[in-house]
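As a plain string of letters, each chain reads:
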Amino acid sequence: MIRIPELAQQLASAPEGTRFARRGFSVRTRVLAGMLGLMTLAFAVTGTVVYLLQVKTMDARIDDSLKRSVQEFQVLTARSSELATAAEPLTAEVLLYAAMQQTLPARHEGMLSLVNQKVRWTAPEVVQTRLENDPGFVAWAVHDAPDEKIMLQTVPTSQSTYRAVSIPLTVTQPRTPAHLVFAYDYTAEKQALNRGFLMYMVVGMAILLAAGTAGWLLVGRFLRPVALLRDTARKISESDLSQRIEVVGRDDLAELTITVNAMLDRVENAMVSQRQLLDDVGHELRTPVTIIQGHLELMDVNDPVDVDQSRDIALAELDRVSLLINDLVTLATSNSVDFVQPVPTNIGTLLDDLLDRARPLGERSWRIGHRVEAVANVDPQRITQAMLQLCSNAVKFSADGSTITMGTNVTRGTNEESVLRLWVRDEGVGIGDEDQSRIFERFGRGRNSKRTEGSGLGLNIVSAIAEAHHGSVGVSSDVGVGSTFVIEIPTSLEREEDEPDTDH
């Protein structure tokens with residue numbers, strides 16, 4: 001079991017080397033890295049998908065443009081054939097010249113006219129794509145282009161890659177081999193598309209950089225309570241548990257801050273309680289040890305009477321120490337989860353058993369003032385322990401033959417829940433108003449109490465048992481008249497007797 005001072009030292013007072021020996025990346029860094037990683041992945045996936053779609057769209061646009069060029073040339077050929085006469089027959093050169101004069105290529109598109117496997121006409125000077133300047137493409141147009149059908153083809157050369165279509169001409173008179181070639185510089189089109197996506201990447205990197213800077217500041221702001229928690233934990237020591245964390249905002253971290261502050265309150269209260277307990281225990285144990293030691297030192301070993309008296313005094317003091325130790329063990333376990341084990345208990349039967357067990361405590365007139373027949377969810381052993389402690393306390397401060405009354409009843413709480421009340425009333429010396437607030441503290445005694453009467457922990461144990469049942473214990477007393485101790489426990493009752501409490 002780790003004691004509270006050791007816990008405080010482990011939380012805050014560990015050596016610097018121990019606390020940071022295995023420190024990795026900070027939460028701030030990991031959160032920011034995760035955020036930027038997700039953004040980068042989103043940019044990459046989106047950019048790749050859009051890029052592939054753009055490439056597909058570009059390919060379709062190029063092919064559609066080439067097909068339209070073929071259709072326009074076919075329309076021109078048909079119209080020119082209708083206008084041809086015997087005086088002005090339609091020749092390949094005339095048809096090619098007319099087609100190239102009426103066609104304006106798109107950007108990165110060029111055209112050539114070939115007659116007798118030689119370049120006859122080229123595109124106007126305004127056309128940037130000069131197919132005639134690429135020997136590899138000219139060689140393909142002269143030797144490898146289809147002679148009988150129109151086909152779209154991809155033509156790679158040493159200078160570039162083209163998407164081309166060759167249109168063979170069939171002119172009857174004179175029959176001369178001729179071709180009209182349209183081609184797109186596919187490499188140039190691809191480079192233009194790549195430049196656009198290069199800009200996309202640059203903009204994306206700028207956005208990531210800006211997001212990283214803003215994220216670093218925002219995450220630092222969001223994690224400020226964690227940093228405050230760390231700094232506060234460093235300042236906490238066994239001698240100073242007063243540090244608290246500033247609550248910032250209303251989010252989950254604010255709730256964490258409130259929870260940690262509440263934990264620190266409990267730790268501080270436990271530390272104060274422990275120090276008080278150690279001081280009180282030391283004070284209480286010092287007296288019997290001093291008494292035993294003094295009598296043993298002064299004892300005349302040759303005087304049997306003195307030996308017997310010293311022995312009796314030593315045994316009496318040791319019995320009181322044993323009682324104190326047992327009570328301390330009970331209080332030490334009062335904060336454990338299994339300190340009380342509630343079970344359905346018949347309160348009427350429990351009260352009868354209490355009366356039988358209380359009678360041997362003293363020559364008193366024992367009676368039951370009021371009882372309720374109900375089944376409540378309580379720990380019968382702990383309730384018996386608490387009630388017998390109250391009965392023993394009543395015997396100590398009342399005269400022989402006086403009346404001690406026990407009873408139970410049920411009231412309604414503030415939330416319409418049932419509250420079980422168990423009480424013990426005596427006709428003793430009573431308790432002054434100034435003492436009623438401290439008799440339930442550890443080693444708290446009233447002014448009419450003597451040090452030799454018990455361990456001073458009995459009423460504190462009663463309070464611990466009541467609190468373990470989520471209840472409380474209180475007292476009402478008049479000096480010279482008597483006292484009434486009441487244990488109140490909120491519980492659900494299976495059945496109860498609505499009998500008025502006429503005796504209490």
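Residues numbered from 1 in each chain as written. Predicted model: local features only at pLDDT ≥ 70, side-chain atom pairs only at ≥ 80, totals over all residues. Heavy atoms only, no water.

A. Geometry of the nonpolar core. Counting residues in each nonpolar core, the largest one holds 45 residues, and the members touching the most others are M387, L390, M406, V424, F485 and I487. Top contributing element to this core by residue count: helix α11 (residues 380-396), with eight residues. In contact with F485, not counting residues within four places along its chain, are L390, N393, L422, W423, V424, I431, I439, F440, L459, G474 and V475. (Core = buried A, V, L, I, M, F, W, Y, C linked by side-chain atoms within 4.5 Å. Buried < 20%, exposed > 50% of the residue type's maximum accessible area, 1.4 Å probe, protein only. Helix = DSSP H or I, 4+ residues; strand = E, 2+ residues; numbered from the N terminus. Contact = heavy atoms within 4.5 Å.)

B. Summary view of the pattern of salt bridges. Inspection of the entire model under this criterion finds eight salt bridges. In this structure, R311 and D312 form a salt bridge, with 3.7 Å as the shortest nitrogen-oxygen distance. For D312, a relative accessible area of 47% puts it in the partly exposed group. Among the ionic contacts, a cluster of salt bridges with common partners joins D352, R371 and E373. (Salt bridge = Lys/Arg side-chain N within 4 Å of Asp/Glu carboxyl O.)

C. Geometry of the sheet that holds strand β4 (residues 161-169). Spatially, five strands are ordered β2-β1-β5-β4-β3 in an open sheet, and the strand pairing comes out antiparallel. Each edge of the open sheet is held by one strand with a lone partner, namely β2 (118-122) and β3 (151-156). Adjacent strand axes in the sheet meet at a mean angle of 30 degrees, parallel and antiparallel pairs treated alike. Pairing analysis gives four bridges linking strand β1 (residues 109-115) to β2, with the strands arranged antiparallel. Paired with L114 across the strands is V119, a residue of β2. Helix α4 (residues 92-102) contacts β1, β2, β4 and β5 (178-185) of the sheet and is inclined by roughly 170 degrees relative to β1. (Pairing = 2+ DSSP bridges. Axes fitted to C-alpha atoms, helices over the stretch in contact; angles between N-to-C directions.)

D. Representation of the sheet that holds strand β10 (residues 418-425). Overall, mixed pairing links the five strands, which are arranged β7-β9-β10-β12-β11 in an open sheet. The open sheet is flanked by β7 (365-370) and β11 (472-478), the only strands paired with a single partner. Neighbour-to-neighbour, the strand axes of the sheet open up by a mean angle of 20 degrees, direction not taken into account. Taken strand by strand, α11 contacts β7, β9 (403-412), β10 and β12 (482-491), and its axis lies near 30 degrees from that of β10.

E. Molecular detail of the packing of aromatic side chains. One pass over the full model with this rule turns up six aromatic pairs. Members of the aromatic cluster, connected to one another through ring pairs, are F43, Y51, F197 and Y200. Here R120 stacks its cationic end above the ring of W121, 4.0 Å away from the centre of that ring. (Phe/Tyr/Trp six-rings, centres within 6.5 Å; stacked < 30°, edge-to-face > 60°. Lys NZ or Arg CZ within 6 Å of the ring centre and 35° of its normal.)

F. Structural detail: helix α13 (residues 458-468). Of all eleven residues making up α13, nine are buried, and the element is well covered by its neighbours. Every buried residue of α13 is accounted for by G458, L459, N460, I461, V462, S463, A464, I465 and A466. For α13, the elements touching its buried residues are α9 (304-332), α11, β11 and β12.

G. Representation of unusual backbone geometry within the structure. Residues other than glycine seldom take positive phi values, yet Q117 does so here, at roughly 60 degrees. The residue Q117 is located in the loop between β1 and β2 in this model. Exposure remark for Q117: the relative accessible area of 53% places this residue in the exposed category. The backbone phi angle of H470 is positive, close to 65 degrees, even though this residue is not glycine. By secondary structure assignment, the location of H470 is in the loop between α13 and β11. Take H470: its relative accessible area is 69%, and that puts it in the exposed class.

H. Quick look at the pairing of β11. Here β11 shows a clear split, with V473, V475 and S477 buried on one side and none of S472, G474, S476 and D478 buried on the other. Relative to β12, β11 runs antiparallel, the two sharing seven bridges. Paired with G474 across the two strands is V486, which belongs to β12.

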